[in-house]
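Okay, here's what each chain looks like letter by letter:
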Amino acid sequence: MDEFEPKIVGFFCNWCSYTGADLAGTSRIKYPPNVRVIRVMCSGRVDERLILKAFALGADGVLVSGCHPGDCHYQKGNLSARRRVTGLKPFLEAIGIGKDRLRLEWISASEGPKVAETVKSFTQTIKGLGPSVFNRRRNEH
Amino acid sequence: MKGDMYIARSSDKEILEKAEYGGAVTSLLKFALESGRVDAVLAIKARDGNRYDGVPVLITEPEEVIETAGALHCASPNISRFLKEYLDGASDLKVAVTVKPCDAKAIIELTKRIQINLDNLLLIGLNCTGTLSPTKAKTMIKTEFEADPADVVAEDIEDNKLTIRLKDGTEKEKDLTELEERGYGRRENCRRCETNIPIMADIACGKWGTTDKNKTFIEVCSEKGSDFIKEAIEAGKIKVEQPSSDAIETVRKKDEAAIELARQWQEKDFASLTEMSGDERFNYWSTQFSRCIKCYGCRDACPICYCKDCVLEADRGFVPPGEVPPDTMFPMVRITHVMDSCVNCGQCQDVCPMELPLSRLIFMLNRELAGIFKYEPGMDVSELPPLRTVTDQELSLSSVEVAL
Ligand code: SF4
Ligand code: SF4
Ligand code: SF4
Ligand code: FES
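Because the structure is a prediction, the values reported are computed rather than measured. (Residues numbered from 1 in each chain as written. Chains lettered and ligands numbered in written order. Predicted model: local features only at pLDDT ≥ 70, side-chain atom pairs only at ≥ 80, totals over all residues. Heavy atoms only, no water.)

## A short note on the overall build of chain B
- Each helix and strand in chain B was counted, giving 14 helices and eleven strands.
- Here the C-alpha radius of gyration of chain B, 22 Å, is about what a compact globule of 404 residues would show, namely 22 Å.
- With respect to the three principal axes, the spread of C-alpha positions in chain B is 60 × 55 × 40 Å.
- For chain B, buried positions account for 55% of its 404 residues.
- A fraction of 69% describes how many contacts in chain B between residues 6 or more apart in sequence connect residues 24 or more apart.
- Looking at chain B as shown, the accessible area adds up to about 17600 Å², and 50% of this sits on carbon and sulfur atoms.
- Counting 52 positive and 70 negative side-chain charges, chain B places the centres of these two groups 2 Å from one another. (Helix = DSSP H or I, 4+ residues; strand = E, 2+ residues; numbered from the N terminus. Rg over C-alpha atoms; globule rule 2.2 N^0.38 Å. Buried < 20%, exposed > 50% of the residue type's maximum accessible area, 1.4 Å probe, protein only. Contact = heavy atoms within 4.5 Å. Areas by Shrake-Rupley, 256 points an atom, 1.4 Å probe, with all protein chains shown as cover. Lys, Arg positive; Asp, Glu negative; His and termini not counted. Charge placed at Lys NZ, Arg CZ, Asp CG, Glu CD.)

Here it is in structure tokens:
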């Protein structure tokens, strides 16, 4: 059997992490191709609905990445993201999706290597967890 | 002053005859109307004398207040939503409302969401150790108590015993835990509720700390409550004495015992959901969610679901229309929208025609979030819902986890 290649949805802030991912690319830093990046104008745009929808549509993991606290272009959007991600974890755990399938990271525009590291380590984590329950269910039917 | 305590008794003969525990609550409600402090009283009354059909009534005539005298344990009307939907959140009406702790909490959460005008309310808190679902209660009275539900004239919960009094004067008593283990007794949310004394109301009235069932113990919980009680005493509507230190100690002890019992129920209820493995949990909830008939009852009953333009409506384009069971997003969004502020009122679970254990899950999540965000819903209007707020202090917190 082929090794399980997780599908990860990344919600990356336009002003920092998305640019950071560009930098990783132009600097030719290698990282796993498992993340499908969706550019958002601020990590504060990411609410429980986007995250849950990603899982419901088959994401094995969701990575939310924004500017470091204090650096958000909209002052506190990233702080909202932090509260939401923290708050959503108990729910993911309770209904059996698992809290470790959701991760928040702070990555600035200059942190290309951190993009690579984060994607690498998160992909590893999700590989360890196996396919998301939603996907396993889908494959059974 | 806030914190004052009284042992009170009505001075009104008629009320003393009909009401329980010295009729202090009934007298206070009547006085609130008579004195012009409020335009109306919102309380619960047995419809057509049926104790199993407790309904909210809005009273504007002082003489009618007496119809609401006496506690109804087999009723749990949705007072907060009633206020919001039918009285426009008390926007231009001053109302004295009798509230159980969960009603008071729900009103406070709706106040935070600008759906109720708390300034216009006088919250007359009623101590509560639980209510029973009417249908189940009737079955229980027949099978466990071997009595005719129609003969019951009063119920009482005390020291983990449920007592019913019949019209011929006889009393029957059963151990509450035993009843509950057999699926009877209090509503599930009530069993696990730790708030017995509604200190978030303006005054809290109860029987603990009184003897012979003919007086009410009142704790003053706000300045508004304090003014009101003082006026009622001055007007001679209630007679009061100071509670002895023994009485105060009794209240504390009974409260603690009830809290301990609630914690045990929480552990048991939550364990039923957490003991399963991750996969089992997912299967369990997928099955539960697939039973949902999308009636929107849970949303319409929940005091936290206040949105005029709910995202779960078909015209919002988020949940596909015309599908039953609805897409998993439907329950997931409902739950995650309210979990930070759930007050464990149990209304969602009561109304769900498919009997999904909604409040059990949502309140369990709430307890976890309350710990993380150091937030207790329903207690203080100035505390904002933790998943909808951030503070300036968090700007200097660099971690990816919230640690408050
Ligand atoms: S989720 Fe259910 S128990 Fe919680 S506040 Fe809403 S209706 Fe009450
Ligand atoms: S489900 Fe969400 S959007 Fe709908 S009423 Fe409740 S809180 Fe509002
Ligand atoms: S009350 Fe029950 S059946 Fe109705 S929408 Fe809510 S979960 Fe579904
Ligand atoms: S602008 Fe980057 S997180 Fe808000």
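Having seen the structure, we can now continue with the description.
## Examining the domain arrangement of chain B
- Assigned domains within chain B: domain 1 (5-131 + 186-257), domain 2 (133-179) and domain 3 (277-392).
- Relative to domain 3 of chain B, the C-alpha centre of domain 2 of chain B lies at a distance of 33 Å. (Domains from an automatic or database assignment.)

## Regarding the sheet that holds strand β3 (residues 61-66) of chain A
All names here are of chain A.
- Read from one edge to the other, the open sheet built from four strands follows the order β2-β1-β3-β4, with strand pairing classed as parallel. Strands at the two margins of the open sheet, each flanked by one partner only, are β2 (35-40) and β4 (102-106). Direction aside, the axes of adjacent strands within the sheet are offset by 20° on average.
- The sheet contact formed by strand β1 (residues 8-13) and β2 spans six bridges and is parallel. Counted as the bridge partner of I8 is V35 from β2.
- With respect to the sheet, helix α1 (residues 17-26) is in contact with β1, β2 and β3, its orientation differing from that of β1 by roughly 110°. (Pairing = 2+ DSSP bridges. Axes fitted to C-alpha atoms, helices over the stretch in contact; angles between N-to-C directions.)

## Section: the site of ligand 3
- The immediate surroundings of ligand 3 are formed by 13 residues, with B:C292, B:C295, B:Y296, B:C298 and B:C352 found nearest.
- Class assignment of the residues belonging to the shell around ligand 3 gives a composition of eleven nonpolar, one polar and one charged. (Near = heavy atom within 4 Å. Nonpolar A, V, L, I, M, F, W, Y, C, P; charged D, E, K, R; others polar.)

## Some details on the environment of A:V40
Residue and element names in this part refer to chain A.
- Here V40 is to be found in strand β2.
- Spatially, the C-alpha atom of V40 lies 5.7 Å from that of N14, the residues being 26 residues apart in sequence.
- Setting aside residues up to four positions removed in sequence, V40 forms contacts with F11, F12, C13, N14, R45 and V46.

## Here we look at the site of ligand 2
- For ligand 2, the full set of nearby residues is B:R299, B:C305, B:C307, B:C310, B:V311, B:L312, B:R334 and B:H337.
- Residue composition of the shell around ligand 2, grouped by class: five nonpolar, one polar and two charged.

## So, the interface of chain B and chain A
- Each partner contributes residues to the interface: chain B has 40 residues there, and chain A has 32 residues.
- Between chain B and chain A the total buried area reaches about 3300 Å² when both faces are included, carbon and sulfur atoms providing 64% of it.
- Between chain B and chain A we count five salt bridges in total.
- For B:R388, the salt bridge goes to A:E48, with nearest N and O atoms at 4.0 Å.
- The interface formed by chain B and chain A includes 14 residue pairs in polar contact (both at pLDDT 80 or more).
- Grouping the amino acids of the side of chain B that touches chain A by side-chain chemistry returns 23 nonpolar, ten polar and seven charged. (Buried area = accessible area lost by both parts, 1.4 Å probe. Salt bridge = Lys/Arg side-chain N within 4 Å of Asp/Glu carboxyl O. Polar contact = N/O pair within 3.5 Å; in protein donor to acceptor, adjacent residues only side chain to side chain.)

## Some points on the pairing of β3(A)
Residues and elements named next belong to chain A.
- Of all six residues making up β3, six are buried, and the element is well covered by its neighbours.
- Side-chain alternation along β3 places G61, L63 and S65 on one buried face and V62, V64 and G66 on a second face that is also buried.
- In this sheet, β3 lies alongside β1 in parallel orientation, the contact comprising five bridges. By the bridge assignment for β3, G10 is matched with L63.
- Where β3 lies against β4, five bridges are found, and the strand directions are parallel. If you follow V62 over to β4, its bridge partner there is L102.

## Digging into helix α9 (residues 245-274) of chain B
Residues and elements named next belong to chain B.
- Given a rise of 1.5 Å per residue, 30 residues ought to cover 44 Å, and the 43 Å separating the end C-alpha atoms of α9 matches this to within 8%.
- Looking only at α9, the buried set comprises A247, V251, D255, A258, I259, L261, A262, W265, Q266, D269, F270 and L273.
- Taken together, the buried residues of α9 touch α6 (176-181), α7 (188-191), β10 (216-220), α10 (278-290) and α14 (358-373). (Expected span 1.5 Å × (residues − 1).)

## Overview of helix α2 (residues 48-56) of chain A
- Looking at α2(A), one finds that the buried residues are A:E48, A:I51, A:L52, A:A54, A:F55 and A:A56.
- Within two residues after α2(A), A:G58 carries a phi angle of roughly 115°, on the positive side.

## Considerations on a nonpolar patch on the surface
- On the surface, a cluster of nonpolar side chains totalling about 320 Å² of accessible area is made up of A:W15, A:M41 and A:Y74.
- For A:W15, a relative accessible area of 36% puts it in the partly exposed group. (Patch = residues over 30% accessible without salt bridge, like charges linked within 9 Å, V, L, I, M, F, W, Y side chains within 5 Å.)

## Overview of the nonpolar core
- Counting residues in hydrophobic clusters, the biggest one holds 62 residues, and the most contacted among them are A:I51, A:V62, A:V64, A:F91 and B:L361.
- Residue contacts for A:I51: discarding those within four places in its chain leaves A:V46, A:V62, A:V64, A:V85, A:L88 and A:L102. (Core = buried A, V, L, I, M, F, W, Y, C linked by side-chain atoms within 4.5 Å.)

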